[in-house]
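For reference, the chains in residue letters:
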Amino acid sequence: ADPGQTLDYDAIVIGAGMSGLFQLLRLREMGMKVRVFEAGTGVGGTWYWNRYPGARFDSESYSYGFSFSKELLEEWNWSEHFAPQPETLRYLNLVADKFDLRRDIQFQSRVAAAHWDEAARTWAVTLEDGSRHVSRFLITAIGVLSAPTLPRFEGMDSFRGLSFHTARWPHEPVDFAGKRVAVIGTGATGVQTIQEVAKTAGHLTVFQRTPNWCAPLHNRKITEEEQARIKADYPTIFQRCQETFSCFLHTPDPRGTFEVSKEEREAFYEELYASPGFGIWVGNFKDTLTDRAANKEISDFVANKIRQRVKDPKVAEMLIPRNHGFGTRRVPLETRYYEVYNQPNVLLVDSKATPIQAITPTGLRTSDAEYDFDIIIYATGFDALTGAFDRIDIRGEGGLTLRQKWAQGAQTMLGMLVEDFPNMFMLLGPHTALGNIPRSIEYNVEWVSALLRHMQARGLTRAEASAQAVAAWTKHVKQIGAGLLTNEVDSWMTGVNRNVEGKETRVIARYSGSAPDYRAWCDRVATEGYRDLALA
Ligand code: NA7
């Protein structure tokens with residue numbers, strides 16, 4: 001190593017969301033000098049940025065929080081089965097305070113570049129303000145859905161009213177009373193926003209390009225009795241999350257759709273539709289997302305629910321997806337979402353039939369009409385999975401950029417390491433297990449921390465994934481994704497975002513195997529002494 005090169009830190013972590021906070025804690029326990037760079041003014045990541053009205057969990061609150069500290073579990077009370085964003089943000093602030101994390105976090109510090117120096121075995125991280133920080137290890141904790149994307153409409157800057165992307169919501173409350181409001185986008189975010197804004201807006205116009213299959217959330221307050229039971233059950237709750245396919249409390253029903261009678265099937269669908277959370281999506285018959293006929297059964301069932309809930313049959317038909325089956329895109333969970341369209345002050349516009357052509361100073365123009373608005377809300381989603389990486393100039397060995405490396409699609413080892421990018425570890429990198437995300441975060445942080453302890457104990461300062469290990473994992477991800485109906489549909493889950501150049505076509509963007517299988521693979525790498533990595 002270059003003797004002239006001094007290390008500012010042992011590790012730099014990018015991002016102070018759930019991954020970054022927990023990673024900081026573990027690195028500090030190892031005696032490392034750590035710096036976390038965070039673009040926002042506070043901790044919380046997703047829960048810091050997404051403060052749009054109605055933002056909340058679709059996973060059960062008590063399955064979502066951190067599990068690593070008994071004391072924290074004891075101390076914190078979730079107030080609802082599916083907690084709203086302000087509560088989650090308070091929770092993450094409590095975590096930061098309780099473990100005294102803030103002293104190592106530098107806020108309002110967006111990382112612009114990270115360059116590997118092979119001779120010194122260090123990462124040089126440059127912030128947007130031009131300051132440069134040198135570290136042995138680089139850990140990206142930059143999220144899966146953290147790079148918001150806006151449409152590329154003409155005249156976007158000309159609008160004289162208020163307009164914002166849901167993930168860049170202002171910190172001051174926005175008053176909708178008496179206002180003419182537009183919401184563009186009907187994904188999980190749009191659905192949550194629409195059902196909330198419709199409560200107070202003077203008039204709401206929803207611009208829907210593609211309808212999604214939504215199902216009821218069935219949220220409610222946690223009673224005192226339930227609170228006591230949850231606390232007592234935490235070990236069982238987290239154990240169950242470890243065992244299920246995607247770390248949710250729900251897991252696929254072992255039966256195939258057509259193994260049961262039509263009556264039994266209907267009764268099961270009814271039960272799922274009436275139950276809280278993701279059960280209808282991830283706790284359905286095991287072939288729901290692989291067998292076309294099975295998928296059609298549940299799709300027809302949900303379509304009929306929409307027809308029952310929406311009074312105007314024309315509007316109901318507009319809200320029923322035609323080109324993709326139930327569950328093949330992320331299922332937005334809702335609370336009286338469909339009933340919003342029965343309100344006299346709400347209008348649904350089909351943006352596929354009559355596309356938005358331009359934003360105007362007073363509203364927007366579609367192919368057949370002009371609309372005036374006071375507020376335009378862009379619920380238009382994210383450059384998912386690789387988008388946050390693409391926004392940083394990351395260069396590995398020989399100046400190779402990560403963008404070049406991934407030009408033909410992401411290639412990783414377990415979603416955590418990349419060949420030619422030594423000492424860089426990704427928490428929630430592409431091709432890692434996702435599902436109930438905090439469960440994956442905790443696992444990945446522990447895995448990276450164990451590797452770093454292994455290196456620390458042996459005086460090793462360089463870790464790089466082998467080409468074979470990367471090829472094996474990438475091949476596995478592709479194989480396991482074949483035959484899944486989800487991968488035949490455009491969505492962020494297949495890497496498609498037409499607001500971003502180069503993201504027009506579908507790829508196998510996600511690992512779609514089970515979380516237990518993922519962990520077994522990761523554990524094997526560790527127990528075999530990290531043979532899949534070059535350590536030096
Ligand atoms: P999504 O699910 O990607 O939804 C984005 C929505 O915005 C979707 O309805 C899009 O229609 C619509 N959109 C995007 N660009 C345009 C343009 N240019 N014109 C019209 N409509 C547009 O993002 P979310 O934030 O809702 O959810 C992301 C994840 O965050 C979610 O899955 C949760 O896990 C949390 P499209 O379907 O592309 O036709």
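Our structure is the block above this text.
The structure contained in this document is the topic of the report that follows. Given the structure is predicted, the values throughout are model-derived calculations rather than measurements.

1. Considering the overall build of the protein
The number of helices and strands found in the protein is 17 helices and 20 strands. Dimensions of the protein, computed from C-alpha atoms along their principal axes, come out at roughly 75 × 55 × 45 Å. When each of the 536 residues of the protein is scored for burial, the buried share is 59%. Sequence-distant contacts in the protein: of pairs separated by 6 or more residues, those separated by 24 or more amount to 71%.

2. A look at the site of the ligand
The ligand sits among 19 residues. The nearest are Thr186, Thr189, Arg209, Thr210 and Trp492. Here an oxygen atom of the ligand sits 2.4 Å away from a polar atom, N or O, in the side chain of Thr210. Here an oxygen atom of the ligand sits 2.8 Å away from a polar atom, N or O, in the side chain of Trp492. Protein chains shield 83% of the accessible area of the ligand, which is 790 Å² for the free molecule. A breakdown of the residues in the shell around the ligand according to their chemical character gives eight nonpolar, eight polar and three charged.

3. Looking at the sheet that holds strand E16 (residues 375–378)
Read across the sheet, five strands follow the order E7-E16-E8-E9-E12 without closing on themselves; strand pairing throughout is parallel. The open sheet is flanked by strand E7 (162–165) and strand E12 (346–350), the only strands paired with a single partner. This sheet shows a mean twist of 15° between the axes of neighbouring strands, independent of strand direction. Inspection of the sheet shows strand E8 (residues 180–184) paired to E16 by four bridges, in the parallel sense. Looking across to E16, one finds that Val181 is bridged to Ile375.

4. Quick notes on the sheet that holds strand E15 (residues 370–372)
In space, the three strands of this open sheet follow the order E13-E14-E15, with antiparallel pairing throughout. The outermost strands of the open sheet, each flanked by one partner alone, are strand E13 (356–360) and E15. The mean inter-strand angle of the sheet, taken between neighbouring strand axes irrespective of direction, is 20°. When E13 meets strand E14 (residues 363–366), the two strands line up antiparallel, connected through four bridges. The residue of E14 that forms the bridge with Thr360 is Gly363.

5. Describing the nonpolar core
Looking at soluble globular proteins, one finds that nonpolar side chains tend to be buried together. In this structure, Leu204, Met413, Trp447 and Leu452 are the most contacted members of the largest nonpolar core, which totals 130 residues. Ranked by residues supplied to this core, first place goes to helix H15 (residues 437–458) with eight residues.

6. Brief notes about the packing of aromatic side chains
Under the criterion given, the structure shown has 37 aromatic pairs. Seen in terms of ring centroids, Phe278 and Trp281 are 5.3 Å apart; in terms of plane orientation they differ by 65°. Their pairing is edge-to-face. Across the pair, Trp281 and Phe278 agree in class, each one buried. Plain terms: the ring middles of Tyr337 and Tyr341 are 5.3 Å apart, the flat faces sit at 90° to each other, and that makes the pair edge-to-face. Given a relative accessible area of 7%, Tyr341 falls into the buried group. Here the aromatic cluster, defined as three or more aromatic residues joined through ring pairs, consists of Phe22, Trp47, Phe57, Tyr64, Phe66, Phe68, Trp76, Trp78, Tyr91 and Phe99.

7. Details of the packing of H15 against helix H17 (residues 515–527)
For the pair H15 and H17, interaxial distance at closest approach is 11 Å and the crossing angle is 10°. Classified by the angle their axes make, H15 and H17 are roughly parallel. Residues Tyr443, Asn444 and Trp447 of H15 lie in contact with H17, whose contacting residues are Tyr518, Arg519, Cys522, Asp523, Val525 and Ala526. Of the residues that constitute the contact of H15 with H17, the class distribution is six nonpolar, one polar and two charged.

Definitions and limits used
- Position labels on residues start from 1 in each chain and follow its written sequence.
- Reporting in this predicted model follows two pLDDT cut-offs: at least 70 for local features of residues, and 80 or more for side-chain atom pairs to be given and counted; totals over whole chains, interfaces and linings ignore these cut-offs and use all residues.
- Based on all heavy atoms of the structure, the side-chain values leave hydrogens and waters out of the count.
- Here a strand is any run of E in DSSP of at least two residues, a helix any run of H or I of at least four, and the numbering for each starts at the N terminus.
- Each residue is placed in one exposure class: buried if its accessible area under a 1.4 Å probe, protein chains only, is under 20% of its type's maximum, exposed if it is over 50%, and partly exposed if it falls in between.
- Residue contacts follow a heavy-atom distance rule, with two residues in contact if any of their heavy atoms lie within 4.5 Å.
- Only a single heavy atom is needed: when it lies within 4 Å of a molecule or strand, its residue is near that molecule or strand.
- The term polar contact refers here to a pair of N or O atoms within 3.5 Å; inside protein, the definition further demands a hydrogen-donor-capable atom paired with an acceptor-capable atom, and it admits residues adjacent in sequence only when both atoms are side-chain atoms.
- Residue exposure ignores everything except the shown protein chains as possible cover, and the areas themselves are Shrake-Rupley values with a 1.4 Å probe.
- Classes in brief: Ala, Val, Leu, Ile, Met, Phe, Trp, Tyr, Cys and Pro nonpolar; Asp, Glu, Lys and Arg charged; the others, Gly included, polar.
- A pair of strands is treated as paired once DSSP finds two or more bridges between them.
- Orientation is described by lines fitted to C-alpha atoms, with helices fitted over the stretch in contact, and by angles between N-to-C directions that extend from 0 to 180 degrees.
- For the purposes of this section, nonpolar cores are sets of buried Ala, Val, Leu, Ile, Met, Phe, Trp, Tyr and Cys residues that join through side-chain atoms within 4.5 Å.
- Think of it this way: a Phe, Tyr or Trp ring, Trp meaning its six-membered ring, pairs with another when their centres are within 6.5 Å, and the plane angle makes it stacked under 30 degrees, edge-to-face over 60, tilted otherwise.
- Note on angle classes: values under 35 degrees are labelled roughly parallel, values over 145 roughly antiparallel, values of 65 to 115 roughly perpendicular, and the remainder oblique.

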